[in-house]
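Structure at a glance
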Amino acid sequence: MAGSLAALVLPGGALPWLAAAGVAAWQVALLALVAARALLFVAAALASIALSAAAATQHADAQRRQAPIRSLVPLEDAGPSRGGEPVIIDGVLAADASVAEDRTTLRVHVERVRWGRGELALPGTIVVSVGGAPDPDRARAWTRGRRIRAPVLLRRASRYMNDGVADAEQASLRRGIALLGSIKSASLVEITARGPWWQELLAAGRRRVRDAIARACRADPEAGGVVTAILIGDRAGLSADVERRMQRAGTYHVIAISGGNVALFAALAWGLSRAVLRSRRLALASAFVIVAAYGLLVGSGASVGRAIAAALLFLAATLVDHRTPPMNVLAVVGIIFLLWDPLALTDLGFLLSFGATAGILLWVPGWVAWMRARVAAAAVRPFTARLILIVAGLLAATMAAEIALLPVQASAFHRVTIAGLALNFIAIPAMALVQVAGIAVVACDLAGLPSLLAAAAAAARVGARALMDSAGLVDMVPSLTWRVAAPASWLVGAYVASCGMLAWQRRARVHARVLWTLIAAAAALAMIVSAPGRPPPAGWLRVTMFDVGQAEAIAVRLPSGRTVLIDAAGPSERFDIGDRVLVPALLARGATRLHALAITHADVDHAGGAQAVLTDLRPDRVLTGVTPPLHRESNILADAAFAAGASVEALRAGGSLMMDGVLFRVLHPPPPGWERQKVRNDDSLVIELLFGRVSVLLTGDAGEDVEQIVAPQLTPSRLRILKVGHHGSRTSTSAALLAAARPAAALISAGRGNFYGHPSPVVTARLRAAGVETFRTDRDGQIDVASDGRQVVITTRMGRRWAVAAR
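Structure report, in brief. On a predicted model such as this, the values are computed, not experimentally measured, just so you know.

**Focus: the sheet that holds strand 13 (residues 563-566)**
Pairing in this open sheet of nine strands is mixed, and the strands run 16-15-14-13-12-11-24-25-26 from one edge to the other. Of all strands in the sheet, those bounded by a partner on one side alone are strand 16 (647-650) and strand 26 (801-805). The sheet shows a mean angle of 15° between the axes of neighbouring strands, taken without regard to direction. Note that strand 25 (residues 791-796) and strand 26 share five bridges and pair antiparallel. Across the sheet, residue V792 finds its bridge partner in strand 26, namely V804. Along the sheet, helix 22 (residues 610-617) contacts strand 13, strand 14 (596-599) and strand 15 (621-624); its crossing angle with strand 14, the most-contacted strand, is approximately 170°.

Here is the structure:
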C-alpha cells in the first residue's frame, strides 16, 4: 500500500528508477539471507515489495493514460473526436446497460474503430450515453459480454481545475475509462454477437430479478429501485433525489452491495445448505458455490469484490478447519486486489469498503468485550443484556466506520455527517429486511406462489420506504450534515497515521496514547471545520474565477474575509457542477458561508448551481438584476433563497454597495421599461469593483450594445482587470469598451473544447492587439486575482503567475 501510494505522487518518469531499485533491494535481501542478517533481510525484502508495488502502479497508470483509443481525441483538443464527426466502434459491453429516468449509459471495451475507409485496432474502455428518451425494450438486449457496433462521438472527460477539486479526467482514467462518448439514438446500436453462454445465463438471471421486482413493486417504483440496488447492485432505478438525500444522511452505503449485504447472503446460503444437506462440509461447499455464483451475478466492483472474496476465503478456510483472525482475511483480500489492479487504492469503492471494515475490525471487538464485562457485572436479565450488546455493537460499528472514513468522505464527498449514527439503527435492519424479502420475491416469482409473493413484496416495500424516509431526519435537522473542504494530504496522513498508531499500540504507555489521540483529534477538527491550509493575506482583495466549464462563477473575497459569489455556474449533462465543483472550490477558498450571492442573469450557465450554493453555504443576501416574472427557474431560486433565510434584492444601474472598503458600483441594467418574457444576456448585471487604485469590471453576458452604455460610466482607474463578456463571444468585448477601459489583464471563463468555439479568435486577437494579458479557464484552470489596492498579482491553477503595479 505504501509503495502504491508513493507512486501516485512521484513524477511519471520515475518508473525505470523504481524498477531498478526494486531489483537491487531484492538482491540485497538475498545476500542478507545468505549472510543470516535477519534485520537487513526483513528491511530489504519490505523495501523491495514497496518498490515493486510502486513500479507496478506507475506502469498501470501510464498504460491507462496511453490507451490507444485516446489518440482519437488529442490533448490539445478536449472537444469531440475528429472534428465533431462520430466514429464507428466495435466492442464488447463491459456491463449491462444502465437505464435511468433521463438517459441510458453503456460501458464498452472497444476493440476496433472505423471512420470512412479506415479501420484500426484502438482498444480502450469508454462510457457512452445514448441520446433520446430511454428505450427499456432495446436496453434489455444490451447485456454484459455482447458485442455491439455503433457510431459514437468521443470526447475526453471534463476537467475542472480548481483548488480543492479532484481532477475528474485523471480519476476517470484510473478507473479504466479512457474516453466518454455519445450516441444519437438507441436505434443506432447494433448487436453483432451474443456473449459467452455463461455470461448470457447471468444476464438472463439479472433480467429475471429486475422483472420480478418491477412487477412486485409496480405501485411504488422508487421502492423497487432500492430493492434492485440492494439485491444486484443496479442503482439505475434510483432517482437523483433519493440518492442525494441518502448521501446527505449517511445511509447511502446500505444500498451499495458490500460486506453487510454479502455477509447476510452468505449466512442465508449456509443456513439453506445446512437445512438441505446433512454433511457440514457439503453444506459449506454448497454455500461457497452459491456465494461465488452471486458474485458473478452482481459484478466485480471494488466493494462487491472485496466482500465476495472475503466471504469465499472465510468459507474455504472453514471448510479445511483453518482459523485465522479477521484482519488477516482482510489483508489477504487487499493483497489480491492490489495484485490484480495496482491502482485499486485510487478506487473510491476500495477505500470505503476496506476502510470501514478495517475500522470495525480494529475497534469494535474491544469495545464489545468491555461492554460485555460491564453488562455481566450489572447482572441484568439475559434478554436485556443481549439487547444492550446488540445496540452497543451497532453503535460501535457505526462510530468505528465513521472515524475510519472521515478523511475519505471529506476528500471525495466534501461532506461530514453525524446523522448516520442514529439512522443506521433504522437503515441496517431495513436493509436486511429488503434483502431477505427481495430474495423471497424473486423465489416466489420463479415458483409461481402469488400469495407468498404479495407478502414478500409488501415487506420489501416497507423496508425500502423505511430506508428512504429515514433520510428525512436531515431535512428536519440540517445541522446533522455539513460540507467541508478537501483536506490537505499531510492532514490526511497525520490523521491516518495517528489512528493507526492508536490501534497498533493498544498496550503502549498512557502518554504515548494521549499524544496520538491529540494528533488524531486535532487533524479531525481541522477537517471538520475546513481549516484552510494557506490562509489568504489579511487586508487584500481576492477575486477568483473558477473553472466551471462553459459557465461562470466568480468569488470576491473581501479584505475582512467575507465572500461574495457572483454567478453560480450550471449543470453538466452528468452532474450538478454547483454541488460537485463550485461548492468544494469555494470551501477550499475558506468560504464556509457567503455574505452575498449575486446572479447577473438567470441563464442556466450562470444560475444553474445556485441551489447547491444556497443549501450548503447559506448566503445572507441574494442580489439579482432584471428577472422575468414568469421565469420558472428564477422563481424556484427565489423560493430557495427565502427557505435558506436569505433576503432577495434587485440591483439597478446607479446603485452601489460598500463592503469592507470595496465599492461595488452597479453600471447595468437600468429599471426595465417593459415586462420581460424571457431571460436576456443584455439584462446582465454589470458591476465595477473599486479597491484603492485597482478596478475589476465584471460584465456577465452583456453584449456590445450594453458596453456602449457602460463605457462612459467607468471610473478612471490606474489599474483595471476586465472579465470578458459572454465567455469570449464575438458579440462582446468591443474595441470601444477596450479603448475606454484600457485593461491590463482580461479573464475569460470558457469550457475546454466547447461547441461554441469560445473564446472567439476575433476577441482574443482584439485583446492581443490592445496589449492585454489574457487568462482563460479552459487553459489556465482557476484564476486568482489578488490586490492590496496598489498592485495586482494573478496566479492560475496550472502554474502561471503575473504581477503588475498601478502606474
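**Quick look at the sheet that holds strand 23 (residues 773-776)**
One open sheet holds the seven strands; their spatial order is 17-18-19-20-21-22-23, and the pairing between them is mixed. Of all the strands in the sheet, the pair left with one neighbour each is strand 17 (656-659) and strand 23. Averaged over neighbouring strand pairs, the angle between their axes works out to 20° when direction is ignored. As judged from the five bridges shared by strand 19 (residues 686-691) and strand 20 (residues 694-698), these two strands associate in the antiparallel manner.

**A word on helix 6 (residues 197-216)**
Over its 20 residues, helix 6 extends 29 Å from the first C-alpha to the last, a length consistent with the 28 Å expected when each residue adds 1.5 Å. What helix 6 keeps buried is the set Q199, E200, L202, A203, R206, V209, A212, I213 and A216. The secondary structure elements touched by the buried residues of helix 6 are helix 7 (221-232), helix 10 (280-298), helix 15 (420-447) and helix 16 (450-470).

**Regarding a nonpolar patch on the surface**
Together, F383, L387, V391, L395, M399, I403 and F425 line one region of the surface with nonpolar side chains, adding up to about 610 Å² of accessible area. The biggest single contributor to the nonpolar patch is helix 14 (residues 382-412), with six residues. As for its position among the elements, L395 is in helix 14. In this structure L395 comes out as partly exposed when scored by relative accessible area, which is 32%.

**Some points on the pairing of strand 16**
Alignment of strand 15 against strand 16, held across four bridges, turns out to be parallel. Residue pairing across strands places T624 opposite A650, the latter belonging to strand 16. In this fold, strand 15 hands off to helix 23 (residues 632-643), which returns the chain to strand 16; that crossover is right-handed.

**Overview of the packing of aromatic side chains**
One pass over the structure, following the stated rule, counts six aromatic pairs. Between F350 and F354 the ring centres are 4.3 Å apart and the planes differ by 25°, which places this aromatic pair in the stacked class. Taken together, the positions of F350 and F354, both in helix 13 (residues 348-378) and four residues apart, correspond to about one turn of that helix. Of the two residues examined, F350 and F354, each falls in the buried class.

**Section: the nonpolar core**
In this structure, V226, M246, I255, V291 and L467 are the most contacted members of the largest nonpolar core, which totals 51 residues. Excluding its chain neighbours within four sequence positions, the residues that come into contact with I255 are V226, A229, I230, R235, L238, M246 and L467.

**A closer look at the pairing of strand 15**
The pairing of strand 14 with strand 15 spans four bridges and is parallel. The residue of strand 15 that forms the bridge with L597 is V622.

Reading the values: the criteria
Residues numbered from 1 in each chain as written. Predicted model: local features only at pLDDT ≥ 70, side-chain atom pairs only at ≥ 80, totals over all residues. Heavy atoms only, no water. Pairing = 2+ DSSP bridges. Helix = DSSP H or I, 4+ residues; strand = E, 2+ residues; numbered from the N terminus. Axes fitted to C-alpha atoms, helices over the stretch in contact; angles between N-to-C directions. Contact = heavy atoms within 4.5 Å. Expected span 1.5 Å × (residues − 1). Buried < 20%, exposed > 50% of the residue type's maximum accessible area, 1.4 Å probe, protein only. Patch = residues over 30% accessible without salt bridge, like charges linked within 9 Å, V, L, I, M, F, W, Y side chains within 5 Å. Areas by Shrake-Rupley, 256 points an atom, 1.4 Å probe, with all protein chains shown as cover. Salt bridge = Lys/Arg side-chain N within 4 Å of Asp/Glu carboxyl O. Right-handed = clockwise from strand over helix to strand, strands pointing away. Phe/Tyr/Trp six-rings, centres within 6.5 Å; stacked < 30°, edge-to-face > 60°. Core = buried A, V, L, I, M, F, W, Y, C linked by side-chain atoms within 4.5 Å.

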